[in-house]
Amino acid sequence: MSKTIRNVQPVTANLGKEGSGEFVPARYAVRIGEVDVAMISDGILPLPTSTMSTNVSEADRNEWFDGRFLQRDMFDWALNIALVRSGERLILIDSGVGDGFEYFSRAGRSVMRLESAGIDLAAITDIVITHMHMDHVGGLNVEGVKEKLRPDVRIHVSSAEVKFWKNPDFSRTVMPEAVPPALRKAAARFVELYSESIVQFDRTVEVAPGVSARVTGGHTPGHCVVDIASNGEKLTFVGDAIFEVGFDNPEWQNGFEHEPEVAAAVRIGLLNDAAETGSLLAATHVAFPSIGHIAKAGKGFRFVPVQWDY
Ligand SMILES: [Zn+2]
């Protein structure tokens, strides 16, 4: 039986100002040892719920969304990026969707939110791109952004990822029709704009003391996660390895995964690691600020969000 459907109007529409004075919680910071980590919301991507569970029945999918008091057809994916300060280095992880997609007009807020927090794009020394999907590179493709970045900024992308997008394989994905061409275009534009700044790495790279990226594959063949570890504390930014449905159902495949079986294995590995070590996770598409611990729960896991500290 269908439960009450919530109002789908953006909850931020009716209070406060638009733009940099907006009345929304869009930035949240924690300290991991001696490293500062801030999550920043790029906004929301509305997508069909069917993209979140391509290998399960509609009834099972409906049951999960009903259980969360959510609509059955569309789901608002969170879209988060991160900013990390380690010593003298300031590292941006991903860049949001940018402004090239009218359908995604509720996202693309990253640059505005960085600037309204007093972060000058020219202060960023390094950028890590978890993978080259448009909701991760699109912010860098926005007109004028490249000019605001310092000329010697290093953009870390795995070599497998750069190679993959030369001739990307969408045969295992299940996406709305308009998405694959948009993804190809955004990835190509990113490489064209930043070929001089991209620094490729093979399996892992230490970006700064306590901050390193490691390739997992799965979501895309060169997808990487970023480990932030300092003074015995750890947080892993898992990019698109874990989605909102993936704690209860880590084996549910996602329509945006280019290697769905690998992606599920990567997800389970990351969740097991976090559950066993007690380290924190954060993810691109888990509800803002997306930082939490992982507990084992039955056949799956339970996400335990951090208590907000003001
Ligand atoms: Zn994504």
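Coordinates for the structure precede this section.
Within any chain, residue numbers begin from 1 and follow the written order of that chain's sequence. Since the coordinates come from a predicted model, pLDDT governs what is reported: local features require at least 70, and pairs of side-chain atoms require 80 or more to be given and counted, while whole-chain, interface and lining totals use all residues. Each side-chain value is worked out from all heavy atoms of the structure, with water and hydrogens disregarded.

**Student:** Please explain the overall build of the protein chain as it appears in this structure.
**Tutor:** Counting its regular elements, the protein chain contains seven helices and 14 strands. Over its C-alpha atoms the protein chain spans a radius of gyration of 18 Å, differing by no more than 12% from the 19 Å that the globule rule assigns to 310 residues. Dimensions of the protein chain along its principal axes, counting C-alpha atoms only, are 55 × 45 × 45 Å. Split into buried and exposed, the 310 residues of the protein chain put 54% on the buried side. Long-range pairs, those at least 24 residues apart, make up 71% of the contacts in the protein chain between residues at least 6 apart in sequence. Accessible surface for the protein chain amounts to roughly 14,400 Å². Of this, 50% is attributable to carbon and sulfur atoms. Charge counting follows a simple rule: Lys and Arg are positive, Asp and Glu are negative, and His as well as the terminal groups are ignored. Here the site of a charge means NZ on Lys, CZ on Arg, CG on Asp, or CD on Glu. In the protein chain, which carries 30 positive and 41 negative side-chain charges, the distance between the mean positions of the two groups comes to 1 Å. Numbered from the N terminus, helices here are DSSP runs of H or I no shorter than four residues, and strands are runs of E no shorter than two. Atoms counted for the radius of gyration: C-alpha only. Globule rule: 2.2 Å times residue count to the power 0.38. The cut-offs for exposure are 20% and 50% of the maximum accessible area for each residue type, with area from a 1.4 Å probe on protein chains only; residues under the lower value are buried, those over the upper are exposed, and the others partly exposed. Contacts between residues were defined by any pair of non-hydrogen atoms, one from each residue, lying within 4.5 Å. Shrake-Rupley sampling with a 1.4 Å probe provides the accessible areas, and residues are treated as covered by the protein chains on show and by no other component.

**Student:** How should I be thinking about the sheet that holds strand E7 (residues 198–201) in this particular structure?
**Tutor:** The pairing of strands in a sheet comes from backbone hydrogen bonds and takes either a parallel or an antiparallel form. Paired strands, as defined in this entry, are two strands with at least two bridges between them according to DSSP. Pairing is mixed across the open sheet formed by seven strands, whose spatial order is E1-E2-E3-E4-E5-E6-E7. Pairing within the sheet leaves two strands with one partner each, and these edge strands are strand E1 (27–32) and E7. Taking each pair of neighbouring strands and ignoring which way they run, the sheet shows an average axis angle of 25°. When strand E5 (residues 126–128) meets strand E6 (residues 154–158), the two strands line up parallel, connected through three bridges. Bridge pairing links Val128 to His156 in E6. For helices, the fitted line uses only the C-alpha atoms of the stretch in contact; every axis is such a line through C-alpha atoms, and the angle between N-to-C directions lies from 0 to 180 degrees.

**Student:** Looking at this model, I keep getting lost on helix H7 (residues 260–277). Mind explaining?
**Tutor:** Helical geometry: 3.6 residues make up each α-helical turn, so side chains three or four residues apart lie on a common side. Helix span, expected: 1.5 Å multiplied by one less than the number of residues in the helix. An ideal rise of 1.5 Å per residue puts 26 Å on 18 residues; H7 measures up with 26 Å between its terminal C-alpha atoms. Contacts made by the buried residues of H7 are with strand E9 (211–215), strand E10 (224–230), strand E12 (280–282), strand E13 (292–297) and strand E14 (300–305). Looking at the residues trailing H7, positive phi occurs at Gly278, about 75°.

**Student:** What should I look at first to understand the packing of helix H3 (residues 134–141) against helix H6 (residues 179–194) in this one?
**Tutor:** Packed helix pairs are specified by the crossing angle of their axes together with the interaxial distance, meaning the distance between the axes. Here H3 crosses H6 at 45°, and the two axes come no closer than 9 Å. Put simply, H3 runs oblique to H6. The chirality of how H3 crosses H6 is left-handed. Two secondary-structure elements touch here, H3 through Met134, Val137, Leu140 and Asn141 and H6 through Ala182, Leu183, Ala186, Arg189, Phe190, Leu193 and Tyr194. Under the scheme applied here, ten amino acids are nonpolar (Ala, Val, Leu, Ile, Met, Phe, Trp, Tyr, Cys and Pro), four are charged (Asp, Glu, Lys and Arg), and all others, including Gly, are polar. A breakdown of the residues in the contact of H3 with H6 according to their chemical character gives nine nonpolar, one polar and one charged. Oblique is the label for every angle not falling under 35 degrees (roughly parallel), over 145 degrees (roughly antiparallel), or within 65 to 115 degrees (roughly perpendicular). Left-handed is the label given to a crossing in which the near helix is rotated counterclockwise from the far helix by less than a right angle, and right-handed is the label when the rotation is clockwise.

**Student:** Would you take a moment to explain the packing of aromatic side chains for this structure?
**Tutor:** How two aromatic rings sit relative to each other is set out by the distance from centre to centre and by the angle between their planes. When the centres of two rings from Phe, Tyr and Trp lie within 6.5 Å, Trp using its six-membered ring, the rings pair. Their planes under 30 degrees apart give stacked, over 60 give edge-to-face, and anything left gives tilted. Within the structure shown, the criterion is met by eleven aromatic pairs. Geometrically, the ring pair formed by Trp64 and Phe65 is edge-to-face, given 4.9 Å between the ring centres and 80° between the ring planes. The same class applies to Trp64 and to Phe65, which are both buried. Two thresholds decide whether a charge sits over a ring: the Lys NZ or Arg CZ must be within 6 Å of the ring centre and within 35 degrees of the ring normal. Between the NZ or CZ atom of Lys146 and the centre of the ring of Tyr194, over which it lies, the distance is 6.0 Å.

**Student:** Would you mind showing me how to read the pattern of salt bridges here?
**Tutor:** Each reported salt bridge corresponds to a side-chain nitrogen of Lys or Arg within 4 Å of a carboxyl oxygen of Asp or Glu. Summed over all chains, the structure comprises 15 salt bridges. Between Asp126 and Arg154 there is a salt bridge, with the nearest N and O atoms lying 2.9 Å from each other. Taken together, the residues span a long stretch of sequence, with Asp126 in strand E5 and Arg154 in strand E6 at a distance of 28 residues. Taking relative accessible area as the criterion, Asp126 reaches 0% and is therefore assigned buried. A relative accessible area of 32% means that Arg154 is categorised as partly exposed. Salt-bridge contacts for Glu261 lead to Arg172; the nearest nitrogen and oxygen are separated by 3.0 Å. You can see Glu261 sitting in helix H7 and its partner Arg172 sitting in the loop between helix H5 (159–164) and H6, a full 89 residues away along the chain. Given the relative accessible area of 46%, Glu261 is considered partly exposed. Through salt bridges with shared partners, a single ionic network connects Arg89, Asp126 and Arg154.

**Student:** Would you mind showing me how to read the coordination of the zinc ion here?
**Tutor:** Ideal values for angles at a metal depend on the geometry: 109.5 degrees with four tetrahedral donors, 90 or 180 degrees with six octahedral donors. Taken together, the protein ligands of the zinc ion are Asp135 (OD), His136 (NE2), Asp240 (OD) and His285 (NE2), with distances of 2.1 to 2.2 Å. Each of the four donor atoms around the zinc ion contributes to a set of angles spanning 86 to 165°, which defines the coordination as irregular. Mapped onto the sequence, the donors of the zinc ion take the spacing D-H-x103-D-x44-H. Taken together, the positions of His136 in helix H3 and Asp240 in the loop between strand E11 (233–237) and H7 put the pair 104 residues apart, joining distant regions of the chain. The pair formed by His136 and Asp240 is uniform in burial state, with each residue classed as buried. The donor definition counts N, O and S atoms within 2.8 Å of each metal and applies 3.2 Å to Na, K and Ca; water is not among these atoms, so some sites may look incomplete. All geometry calls rest on donor angles, where a four-donor set with angles between 85 and 135 degrees is tetrahedral, four- and six-donor sets with opposite donors more than 155 degrees apart and all others between 65 and 115 are square planar and octahedral, and all else is irregular.

Take it as geometry only, folks, not as evidence of what the structure does.
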